[in-house]
Amino acid sequence: MPLPAMQVALAGSIELIVAVGLTLGLFTRPVALLGSVYLLMSMYLGGHFQIGYVWALPEGGYEFGVFWAAIVSVFAVLGGGRNSVDAQLWESEPARRLLPGVVRNVLAS
(Lines give C-alpha, C1' and ligand atoms only; values in the text may rest on other atoms or scores of the structure.)
Protein backbone atom coordinates (compact mmCIF):
# COMPACT_ATOMS: atom_id res chain seq x y z
CA MET A 1 0.00 0.00 0.00
CA PRO A 2 1.26 3.48 -0.71
CA LEU A 3 2.15 5.71 2.25
CA PRO A 4 1.80 3.08 4.99
CA ALA A 5 2.24 5.53 7.88
CA MET A 6 -0.63 7.65 6.58
CA GLN A 7 -2.79 4.54 6.11
CA VAL A 8 -2.18 3.50 9.73
CA ALA A 9 -3.01 6.99 11.00
CA LEU A 10 -6.17 7.08 8.89
CA ALA A 11 -7.26 3.62 10.07
CA GLY A 12 -6.60 4.49 13.71
CA SER A 13 -8.50 7.76 13.52
CA ILE A 14 -11.49 6.12 11.80
CA GLU A 15 -11.59 3.37 14.42
CA LEU A 16 -11.38 5.92 17.25
CA ILE A 17 -14.11 8.12 15.76
CA VAL A 18 -16.40 5.12 15.22
CA ALA A 19 -15.78 3.73 18.72
CA VAL A 20 -16.49 7.05 20.46
CA GLY A 21 -19.45 7.87 18.22
CA LEU A 22 -21.17 4.52 18.71
CA THR A 23 -20.43 4.41 22.44
CA LEU A 24 -21.89 7.84 23.11
CA GLY A 25 -24.49 7.76 20.37
CA LEU A 26 -23.06 10.92 18.83
CA PHE A 27 -23.71 11.27 15.07
CA THR A 28 -24.69 7.61 15.18
CA ARG A 29 -25.92 7.13 11.63
CA PRO A 30 -22.98 8.71 9.74
CA VAL A 31 -20.45 7.16 12.13
CA ALA A 32 -22.01 3.71 11.72
CA LEU A 33 -22.01 4.07 7.94
CA LEU A 34 -18.35 5.13 8.06
CA GLY A 35 -17.46 2.16 10.26
CA SER A 36 -19.29 -0.36 8.12
CA VAL A 37 -17.74 0.89 4.87
CA TYR A 38 -14.32 1.03 6.54
CA LEU A 39 -14.59 -2.61 7.65
CA LEU A 40 -15.62 -3.83 4.22
CA MET A 41 -12.96 -1.79 2.41
CA SER A 42 -10.19 -2.88 4.77
CA MET A 43 -11.14 -6.53 4.27
CA TYR A 44 -11.23 -6.03 0.50
CA LEU A 45 -7.86 -4.27 0.40
CA GLY A 46 -6.39 -6.78 2.85
CA GLY A 47 -7.32 -9.67 0.60
CA HIS A 48 -9.63 -11.41 3.06
CA PHE A 49 -12.30 -12.09 0.45
CA GLN A 50 -9.84 -14.09 -1.66
CA ILE A 51 -8.66 -16.17 1.31
CA GLY A 52 -11.97 -17.77 2.16
CA TYR A 53 -14.72 -17.92 4.68
CA VAL A 54 -13.11 -19.17 7.91
CA TRP A 55 -11.52 -16.37 9.96
CA ALA A 56 -9.45 -18.89 11.94
CA LEU A 57 -7.38 -19.70 8.83
CA PRO A 58 -3.73 -18.59 9.06
CA GLU A 59 -4.35 -15.66 6.71
CA GLY A 60 -7.81 -14.86 8.13
CA GLY A 61 -11.13 -15.18 6.38
CA TYR A 62 -13.90 -12.69 5.89
CA GLU A 63 -16.95 -13.79 7.92
CA PHE A 64 -15.86 -12.14 11.19
CA GLY A 65 -15.40 -8.75 9.53
CA VAL A 66 -18.63 -9.08 7.54
CA PHE A 67 -20.44 -9.96 10.77
CA TRP A 68 -19.19 -6.77 12.44
CA ALA A 69 -19.94 -4.68 9.37
CA ALA A 70 -23.53 -5.98 9.46
CA ILE A 71 -23.84 -5.28 13.19
CA VAL A 72 -22.52 -1.74 12.79
CA SER A 73 -24.79 -1.09 9.79
CA VAL A 74 -27.80 -1.82 12.02
CA PHE A 75 -26.95 1.40 13.86
CA ALA A 76 -26.87 3.24 10.54
CA VAL A 77 -30.44 2.07 9.89
CA LEU A 78 -31.95 2.35 13.38
CA GLY A 79 -30.00 5.28 14.84
CA GLY A 80 -28.84 5.74 18.40
CA GLY A 81 -32.12 5.48 20.25
CA ARG A 82 -33.74 7.67 22.87
CA ASN A 83 -30.83 7.63 25.35
CA SER A 84 -28.16 8.65 22.85
CA VAL A 85 -26.45 12.03 22.74
CA ASP A 86 -28.04 12.53 19.32
CA ALA A 87 -31.54 12.39 20.77
CA GLN A 88 -30.69 14.89 23.48
CA LEU A 89 -28.79 17.19 21.13
CA TRP A 90 -31.22 17.31 18.22
CA GLU A 91 -34.35 17.55 20.37
CA SER A 92 -33.04 20.59 22.27
CA GLU A 93 -34.66 24.00 21.91
CA PRO A 94 -31.91 25.56 19.72
CA ALA A 95 -32.10 22.61 17.32
CA ARG A 96 -35.89 22.98 17.12
CA ARG A 97 -35.54 26.62 16.17
CA LEU A 98 -32.70 26.23 13.67
CA LEU A 99 -33.33 22.91 11.89
CA PRO A 100 -36.32 21.83 9.82
CA GLY A 101 -38.42 19.06 11.35
CA VAL A 102 -37.45 16.46 8.75
CA VAL A 103 -33.72 16.97 9.32
CA ARG A 104 -34.18 16.92 13.09
CA ASN A 105 -36.18 13.69 12.99
CA VAL A 106 -33.53 11.93 10.88
CA LEU A 107 -30.69 13.08 13.12
CA ALA A 108 -32.47 12.43 16.41
CA SER A 109 -33.73 8.94 15.68
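Above this text sits the structure in question.
As a starting point, this report considers the structure included with it. Please read these numbers as outputs of a predicted model, since none were measured by experiment.

Conventions and cut-offs
- Residues numbered from 1 in each chain as written.
- Predicted model: local features only at pLDDT ≥ 70, side-chain atom pairs only at ≥ 80, totals over all residues.
- Heavy atoms only, no water.
- Patch = residues over 30% accessible without salt bridge, like charges linked within 9 Å, V, L, I, M, F, W, Y side chains within 5 Å.
- Areas by Shrake-Rupley, 256 points an atom, 1.4 Å probe, with all protein chains shown as cover.
- Salt bridge = Lys/Arg side-chain N within 4 Å of Asp/Glu carboxyl O.
- Helix = DSSP H or I, 4+ residues; strand = E, 2+ residues; numbered from the N terminus.
- Expected span 1.5 Å × (residues − 1).
- Buried < 20%, exposed > 50% of the residue type's maximum accessible area, 1.4 Å probe, protein only.
- Contact = heavy atoms within 4.5 Å.
- Phe/Tyr/Trp six-rings, centres within 6.5 Å; stacked < 30°, edge-to-face > 60°.
- Axes fitted to C-alpha atoms, helices over the stretch in contact; angles between N-to-C directions.
- Parallel < 35°, antiparallel > 145°, perpendicular 65-115°, else oblique.
- Left-handed = near helix turned anticlockwise from the far one by under 90°.
- Nonpolar A, V, L, I, M, F, W, Y, C, P; charged D, E, K, R; others polar.

Considerations on a nonpolar patch on the surface
Reasoning step 1: Judged by side-chain polarity, L33, V37, L40, M41, Y44, L45, F49 and V66 come together as a nonpolar surface patch covering roughly 720 Å² of accessible area.
Reasoning step 2: Top contributing element to the nonpolar patch by residue count: helix α2 (residues 28-45), with six residues.
Reasoning step 3: Note that Y44 resides in helix α2.

Examining helix α4 (residues 63-78)
Reasoning step 1: A rise of 1.5 Å per residue sets the reference length of α4, with its 16 residues, at 22 Å; its end C-alpha atoms lie 23 Å apart and thus fit the reference within 8%.
Reasoning step 2: Listed as buried for α4 are E63, G65, A69, V72 and A76.
Reasoning step 3: Contact partners of the buried residues in α4: α1 (4-24) and α2.
Reasoning step 4: Positioned one or two residues after α4, G79 has a phi angle of 85 degrees, which is positive.

What about the packing of aromatic side chains?
Reasoning step 1: Across all of its chains, the model carries two aromatic pairs by this definition.
Reasoning step 2: Where F67 meets W68, the ring centres are 5.3 Å apart and the plane angle is 75 degrees; that geometry is what we call edge-to-face.
Reasoning step 3: The partly exposed category is assigned to F67, whose relative accessible area is 44%.
Reasoning step 4: Here the aromatic residues F64, F67 and W68 are joined through ring pairs into a cluster of three or more.

A closer look at the packing of α1 against α2
Reasoning step 1: It is at 9 Å that the axes of α1 and α2 come closest, and there the two elements cross at 140 degrees. Here α2 runs oblique to α1, going by the angle between their axes. Crossing hand, α1 versus α2: left-handed. Every residue of α2 that contacts α1 at A11, I14, E15, I17, V18, G21 and L22 is listed here: T28, V31, A32, L34, G35 and Y38.
Reasoning step 2: Residue composition of the contact of α1 with α2, by class: nine nonpolar, three polar and one charged.

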